[in-house]
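Observations on the model geometry
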Amino acid sequence: MTPEEAKAQLDNQVREIINWHFSPETGCQFWLEWAKKNFDPRGVVNSYEDIISKFDHFQDEWLRDLQPEVWVPKAFAGKPFNIFETGGTTGMPKQRVGWNDFRVDYEEFSHKLKDEHFPKGQSWIMVGPTGPRRLRLAVEHLANYRGSACYFVDLDPRFVKKVISNKQFDVARQYMDHVVDQAVLLLKNRKISAIFTTPKLLEALAEKVDLYSAGIRGCFVGGTTMTPQYVRFIVEEVLEGKIGFYPTYGNTLMGLAASVPLEPSDHFSITYYAPQPRAVLRIVDPKATNNTVDYDAWGRVELTTLTKEFFMPRFLERDEAMRRKPRAPYAWDGVADVRPFGAMEKTIVEGVY
Amino acid sequence: MSHPHLPALRKGRPYESLDKVQVKDHKTGEICAEVSQVNAGIVRKDLAKIAEARKSLKKFTVEQLLEITAKAGDLFLNGTLPLGDKGHTQSPQEYIATLSRTSGLPHIMVKRNMTKIHYAMTNMRTILNGLSRGLDLSVIDRGFGTQAGCPVAYFPTTDSLGLVMPSNSPAVNSLWLPAIALKIPVVIKPGREEPWTPFRLIQAFIAAGAPAEAFGFYPTDHEGSGEVVKLSGRNLVFGDVNIAKMYEGNPRVQVHGPGWSKIIIGEDKIESWKEYLDVIVSSISDNGGRSCINASAVIVPKYGKEIATAIAERLGPVKPLSSDDENAKLSGFANVKMADYIDSAIDNDLQTPGAEDVTAPFRDGSRKVEFQGGTFLRPTIVWCSDPNHPLSNREFLCPYASVLEVPQSQVLEKIGYTLVCTAITQDQKFIDELLECQTIDRLNLGPISTMKISWDQPHEGNMFEFLYKRRSIDCA
């Protein structure tokens, strides 16, 4: 795909999704009411650039304060939906409704995994946040899609963040040990060849069990910040160059941005590419968010989600990243070295998730 | 040529990280070196196999390691040694100049610190003799033997000595030097502005024949420091009051925090206080007033205001000089925010009645000054007419001391923890009380500077007893 083709595909998706969510026959209550108070974007917003110029930033309070039903498109009325959550360490979490998007995202992602790292039919394990998260169903679906079953060990990130904020480091350590011990037990007693976890948990697991000897051949991670040095440590010393490493960036609101395989010239800096045209990532100037920053410069991550299940224009993530040029097979911008927004200025509680 | 790059040393093996910090000239901001930073996982991974490092030292006898330590001492003082992994070297003069540029210590003080370290290395046999109370050190090689006709057996308490080092005074490295002769590898987390001394010491040891595997040099973040301490069986940690509290009561950690060192003049000697002015002034101001063994309080039964004024008259006019001036007495601040904090903390507390900055009239200007692009704090002596004033028992990284009047009969119950106490008295009853005092770590009887340290006696703990324990033994 060329950048021009990618743009045409994205603009087409914009028109289709705008029509879908703002038409009384198919749209959801929230956007229909929004259109009455603001403007009807159908026929006005015809490209991604139009979204940037005509929509303000999506407010995360809308996902906290409103009942989830306001987001159900009329076309899905009567179909039971999943409620996926993000945040919620203090106060109400953000909630997103969904039906099939996660399957689409993870089936697409499956085709980026090598069979030597994720052998079809062999079991997976997920060690990380399950609960009300899209990730839990998505990982199981990914395993199932590849003909595999998946074991689960839960980690509650809200609890971890809370105890770390309270400086109860011993409690956090005990809880992490509790999670890791459960995973080690499964790895020692079951035939498991693939793992999804967070980088910190992966490191902790590798301190207790030789992952390669335990049968792990592929590792799919997401969650906390990974500096290039940390990525290098994971690749060289945790996975020892023997286990396939697939870092991802994603969340309940976006889906899954896969990374391009590392090359020596990357110096372990990981670049992620959004699952366009269903979601778009832009790296914007935090002080003038209509503008993107230059390539290889830092800025705040802005997410736009464009599916029939969910329309979310210009949501400012609590992350910052470097803007990167398109790289095959992706014909659109990438985001690299993602870290919490403001990480250079203040300490951010990330915990193990 | 590019900047020197100091790699981490993972059991002696250089490791260039993708994360580096720059160590800069405290006046000009010019980059003096880049230092590789490792993540906590690397510390954990290496410490899990630290027993291998100890094996490398066990191949030597203590006698051989004493010779290596002495040779390393000479190389540290006089040799040109590797500086990093990019082909740079460092002569003693370059070491002095660079350390001065990044830490703010004048050359003359760096030289004095070098001399102290050299003394410790070339007199390690005497030091271990003192710390082990005359143990035949071949007992360490064999594991058991006899001492004064009694069977003795010693075993190591740890496979490594973790060190979280400060940036303020290079001579503190002397404290860990006995570990190598005692066959205990070191895992060093250097101070951010002072990687130079531990790196140079390691290079000197290796050049003298010590196994590289025995040396860990891990510039790292807060988490990494925590892992060094958590995973090393024994540790020396340098830090402030909060760090000291964090490790209070932890038998694996010797904390070297504020010293609150003091000079006490007894009632029997107070009439001749002027004779002791030199020792008081040097105790307060030597090494730029940066050491935990600098006196931070002078406690007298009377003439407090006169004594404070006399000290102030000597120290008040002291100004910053060029770093290479042999008469330089003040250190610059690599961390200017620290200077700002100290200056404002003193000024704020002076608002509380009962204390007076008696140096102010002799200083012709403010306490905090800029000189040749650096920030300095000039000496400050505070006369506390209220002996319970907040400034009466404070310690700052500059020549600072309070002077207060406390009746001799009450002084020992009031002084609190005191790393070094110089007690100027010949009153036997008072001396007996001083000898019994549990809050004094080192006691100098008579006019001896608090800055005098005997490495063959315990300093905040006995390094030999920290690293080795005695057990009962019988052999059939």
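Residues numbered from 1 in each chain as written. Chains lettered and ligands numbered in written order. Predicted model: local features only at pLDDT ≥ 70, side-chain atom pairs only at ≥ 80, totals over all residues. Heavy atoms only, no water.

Further remarks concern the overall build of chain B. Along chain B, the regular secondary structure elements total 18 helices and 24 strands. The dimensions of chain B, computed from C-alpha atoms along their principal axes, are 65 × 60 × 35 Å. Looking at the 476 residues of chain B, the share that counts as buried comes to 59%. Look at the contacts in chain B between residues 6 or more apart in sequence, and 72% of them connect residues 24 or more apart. Taken as a whole, chain B presents about 19100 Å² of accessible surface, with 50% of it coming from carbon and sulfur. Where the 52 positive side-chain charges of chain B centre and where its 55 negative ones centre are 6 Å apart. (Helix = DSSP H or I, 4+ residues; strand = E, 2+ residues; numbered from the N terminus. Buried < 20%, exposed > 50% of the residue type's maximum accessible area, 1.4 Å probe, protein only. Contact = heavy atoms within 4.5 Å. Areas by Shrake-Rupley, 256 points an atom, 1.4 Å probe, with all protein chains shown as cover. Lys, Arg positive; Asp, Glu negative; His and termini not counted. Charge placed at Lys NZ, Arg CZ, Asp CG, Glu CD.)

Residues and elements named next belong to chain B. A rise of 1.5 Å per residue sets the reference length of helix 9 (residues 196–207), with its 12 residues, at 16 Å; its end C-alpha atoms lie 16 Å apart and thus fit the reference within 8%. Counting buried positions along helix 9 yields 10 of 12 residues, so the element is predominantly enclosed. Along helix 9, the residues that are buried comprise Trp196, Thr197, Pro198, Phe199, Arg200, Leu201, Ile202, Gln203, Ala204 and Phe205. (Expected span 1.5 Å × (residues − 1).)

It is worth spelling out the packing of aromatic side chains at this point. Describing an aromatic ring pair means giving the distance of the ring centres and the angle of the ring planes. Residues and elements named next belong to chain A. For the coordinates displayed, the defined rule picks out 45 aromatic pairs over all chains. With a centroid separation of 5.0 Å and 20° between ring planes, the pair formed by tryptophan 34 and phenylalanine 55 is classed as stacked. Here tryptophan 34, found in helix 2 (residues 29–37), pairs with phenylalanine 55, found in the loop between helix 3 (48–54) and helix 4 (60–65); they are 21 residues apart in sequence, far enough to count as distant. In this structure tryptophan 34 comes out as buried when scored by relative accessible area, which is 13%. Seen from their ring centres, phenylalanine 58 and tryptophan 62 are 5.1 Å apart, and the 85° between their planes marks the pair as edge-to-face. Assessed through its relative accessible area of 3%, phenylalanine 58 is described here as buried. Residue class for tryptophan 62 comes out partly exposed when judged on its relative accessible area of 25%. The rings of Phe22, Phe30, Trp31, Trp34, Phe39, Phe55, Phe58, Trp62, Trp71, Phe310, Phe311 and Phe315 are connected pair by pair, giving a single aromatic cluster. (Phe/Tyr/Trp six-rings, centres within 6.5 Å; stacked < 30°, edge-to-face > 60°.)

For the rest of this paragraph, the subject is the packing of helix 3 (residues 62–78) of chain B against helix 9 of chain B. All names here are of chain B. It is the contact of helix 3 with helix 9, at a shortest axis distance of 8 Å, that shows an interaxial angle of 125°. Between helix 3 and helix 9, the angle is such that the two are oblique. Pair helix 3 / helix 9 crosses with right-handed handedness. Contacts between helix 3 and helix 9 involve Ile68, Thr69, Lys71, Ala72, Leu75 and Phe76 on the former and, on the latter, Thr197, Arg200, Leu201, Ala204, Phe205 and Ala207. Partitioned by chemical class, the residues of the contact of helix 3 with helix 9 number 8 nonpolar, 2 polar and 2 charged. (Axes fitted to C-alpha atoms, helices over the stretch in contact; angles between N-to-C directions. Parallel < 35°, antiparallel > 145°, perpendicular 65-115°, else oblique. Left-handed = near helix turned anticlockwise from the far one by under 90°. Nonpolar A, V, L, I, M, F, W, Y, C, P; charged D, E, K, R; others polar.)

In this section: the pattern of salt bridges. Inspection of the entire model under this criterion finds 55 salt bridges over all chains. Here glutamate 240 of chain A and lysine 45 of chain B are joined by a salt bridge, their closest N and O atoms 3.8 Å apart. Here glutamate 240 of chain A is found in the loop between helix 10 (228–238) and strand 7 (244–251), whereas its partner lysine 45 of chain B is found in helix 1 (residues 40–47) on a different chain. On the accessibility criterion, glutamate 240 of chain A (39% relative accessible area) is partly exposed. With its nearest N and O atoms 2.9 Å apart, the salt bridge here joins glutamate 271 of chain B to lysine 302 of chain B. Of the two residues, glutamate 271 of chain B is situated in the loop between strand 15 (261–265) and helix 12 (277–285) and lysine 302 of chain B in the loop between strand 16 (295–300) and helix 13 (304–315); the sequence distance between them amounts to 31 residues. Among the residues examined, lysine 302 of chain B registers a relative accessible area of 36% and is labelled partly exposed. What emerges from the salt-bridge pattern is a single network uniting Lys200, Glu203 and Glu207 of chain A together with Arg44, Glu223, Glu227 and Lys230 of chain B. (Salt bridge = Lys/Arg side-chain N within 4 Å of Asp/Glu carboxyl O.)

All names here are of chain B. A one-sided burial pattern is seen for strand 8 (residues 144–147), the buried positions being Gly145 and Gln147 and the unburied ones Phe144 and Thr146. When strand 8 meets strand 9 (residues 150–156), the two strands line up antiparallel, connected through 4 bridges. The residue bridging glutamine 147 from the neighbouring strand is cysteine 150, located in strand 9. Connecting strand 8 to the antiparallel partner strand 9 that follows it, the hairpin turn spans 2 residues, and alanine 148 within it adopts a positive phi of roughly 50°. (Pairing = 2+ DSSP bridges.)

Moving on, we get to the domain arrangement of chain B. Residues and elements named next belong to chain B. By the assigned domains, chain B splits into domain 1 (5–257 + 458–471) and domain 2 (261–445). If you average the C-alpha positions of domain 1 and of domain 2, the two centres end up 30 Å apart. Interface area for domain 1 against domain 2, summed over the two sides, is near 1800 Å², with a carbon-plus-sulfur share of 49%. Across the contact surface, domain 1 and domain 2 share 1 salt bridge. A salt bridge links lysine 111 to glutamate 326, with the shortest nitrogen-to-oxygen separation between them at 3.3 Å. Our count for the domain 1 to domain 2 interface comes out at 7 residue pairs in polar contact (both at pLDDT 80 or more). Of all the secondary-structure elements, those providing two or more residues to the side of domain 1 that touches domain 2 are helix 4 (92–103) and helix 5 (107–122). At 5 residues, the largest contribution of residues to the side of domain 1 that touches domain 2 is made by helix 5. A class-by-class count of the residues in the side of domain 1 that touches domain 2 yields 4 nonpolar, 11 polar and 4 charged. (Domains from an automatic or database assignment. Buried area = accessible area lost by both parts, 1.4 Å probe. Polar contact = N/O pair within 3.5 Å; in protein donor to acceptor, adjacent residues only side chain to side chain.)

On to the interface of chain B and chain A, then. Taken together, the contact between chain B and chain A spans 15 residues of the former and 14 residues of the latter. Interface of chain B and chain A: buried area, both sides summed, is about 1100 Å²; carbon and sulfur atoms make up 38% of it. Linking chain B with chain A are 10 residue pairs in polar contact (both at pLDDT 80 or more), by the criterion used here. Mapped by element, the contributors of at least two residues to the side of chain B that touches chain A are helix 1 and helix 10 (222–231) of chain B. A total of 4 residues in the side of chain B that touches chain A trace back to one element, the largest contributor, which is helix 1 of chain B.

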